[in-house]
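What the coordinates show
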Amino acid sequence: MANTKRLLRRSLTLWILGVVLLSGLGVILGYGIRPKRPVLFFPQGQVWDFGTVEDGKPVTHKFLFANRGSIPLRIERLKTGCSCTSVTTSRNELAPGEDAVVEMRYDHGQDTTVTSEAFARAIIFTNDPKNPAASVEMQGRVLTAVAWAPLSVSFFCNEGSTGLTKEVAMCAGRPEELRVEEVSVSSNKIAVGWDITS
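Residue positions are given per chain, counting from 1 as you read along its sequence in written order. Reporting in this predicted model follows two pLDDT cut-offs: at least 70 for local features of residues, and 80 or more for side-chain atom pairs to be given and counted; totals over whole chains, interfaces and linings ignore these cut-offs and use all residues. Excluding hydrogens and water, the side-chain figures rest on all heavy atoms present in the structure.

Topic: the environment of Ala 95
Relative to the assigned elements, Ala 95 resides in the loop between strand S6 (93-94) and strand S7 (99-106). When its relative accessible area of 31% is taken as the criterion, Ala 95 is described as partly exposed. Sequence separation between Ala 95 and Pro 72 is 23 residues, and the spatial gap between their C-alpha atoms is 4.4 Å. Two residues qualify as a contact provided that any one of their heavy atoms is within 4.5 Å of a heavy atom in the partner residue. If sequence neighbours within four positions are ignored, Ala 95 has contacts with Asn 67 and Pro 72. Helix and strand definitions follow DSSP, with helices as H or I runs of at least four residues and strands as E runs of at least two, each counted in order from the N terminus. The buried label goes to any residue with under 20% of its type's maximum accessible area, the exposed label to any with over 50%, and the partly exposed label to all in between, with areas taken from a 1.4 Å probe on protein chains only.

Examining the sheet that holds S7
The four strands are arranged S1-S3-S7-S5 in an open sheet whose pairing can be described as antiparallel. Edge positions in the sheet fall to strand S1 (40-41) and strand S5 (85-89), since each has one partner strand and no second. Strands are labelled as partners when DSSP assigns at least two bridges between them. The pairing of strand S3 (residues 59-67) with S7 spans eight bridges and is classified as antiparallel. Directly across from Phe 63, in S7, lies its bridge partner Val 102.

As for a positive patch on the surface
To count toward a patch, a residue needs a relative accessible area over 30% and no salt bridge; like charges are then connected within 9 Å, while nonpolar side chains (Val, Leu, Ile, Met, Phe, Trp, Tyr) are connected within 5 Å. Only the protein chains shown count as cover for residues, with accessible areas throughout obtained via the Shrake-Rupley method and a probe of 1.4 Å. Salt bridges are defined as contacts in which a side-chain nitrogen from Lys or Arg sits within 4 Å of a carboxyl oxygen from Asp or Glu. The positive count covers Lys and Arg only, the negative count covers Asp and Glu only, and His and the chain ends enter neither. By convention, charge coordinates are those of NZ in Lys, CZ in Arg, CG in Asp, or CD in Glu. Positive charge collects at one region of the surface, where Lys 5, Arg 6, Arg 9 and Arg 10 lie side by side. By the element assignment, Arg 10 lies in helix H1 (residues 2-29).

Things to note about the side chain of Arg 37
By the element assignment, Arg 37 lies in the loop between H1 and S1. Looking at Arg 37, the relative accessible area reads 19%, which means it is buried. Setting aside chain neighbours within four positions, we find Arg 37 in contact with Gly 69, Ser 70, Ile 71, Asp 128, Pro 129 and Lys 130.

Brief notes about the nonpolar core
By nonpolar core is meant a set of buried Ala, Val, Leu, Ile, Met, Phe, Trp, Tyr and Cys residues that side-chain atoms within 4.5 Å join together. In terms of nonpolar packing, the biggest core is built from 23 residues, with Phe 42, Phe 50, Phe 65, Met 104, Tyr 106, Val 136 and Met 138 touching the most fellow members. Contributions of two or more residues to this core are made by strand S2 (47-54), S3, strand S4 (73-80), S7, strand S8 (115-126) and strand S9 (133-143).

Thoughts on the state of the cysteines
A covalent bond between the sulfur atoms of two cysteines is referred to as a disulfide. Any cysteine sulfur atom paired with another within 2.5 Å is treated as part of a disulfide. Under the criterion given, the structure shown has one disulfide. One disulfide in the model links Cys 82 with Cys 84; its S-S distance is 2.1 Å. Between Cys 82 and Cys 84, the S-S dihedral sits near -50°, and the bridge is therefore left-handed. Accessibility expressed as a relative area gives 23% for Cys 84, which makes it partly exposed.

Below you can see the structure in the form of structure tokens.
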């Protein structure tokens, strides 16, 4: 009987020691205790550089996100900074340990310079109390085929004014693709001429 009690105690002690060691190893490796809240996490980062793209070609990227907490993570809403950006998510609720993607599309439109820096941001609103509004961002450069400055020209003149001159500069991002075929005006009081320089 004494041997049986000693054997049971020893077995119980070894079992408890094993559980403690495995729990400690799990915490060290990141698989252990999770916070008692949802935790929004982006394992691959929140900023993506798309490099250089040609004007008129939208860029799309999928941002991976995960719930590292112990309570379900809810995506409450998504918001973009401008009409040139759209964002969707593959799932609106993630159980602890699950992951999903936020897909972001940026259509930069026509820029006014030959090569310009581009930037787009989307905000993800969640029930994570420590990170209720997280952003994902796309950045890069847009190569425009033709750029001009200023974008429009207006003449404001008094009755009898003569000799007003306005200049518009135009340059090509890809010169081999630029050919001016016609310049037109909407008034017979305006004369238009152009000078091609390299």
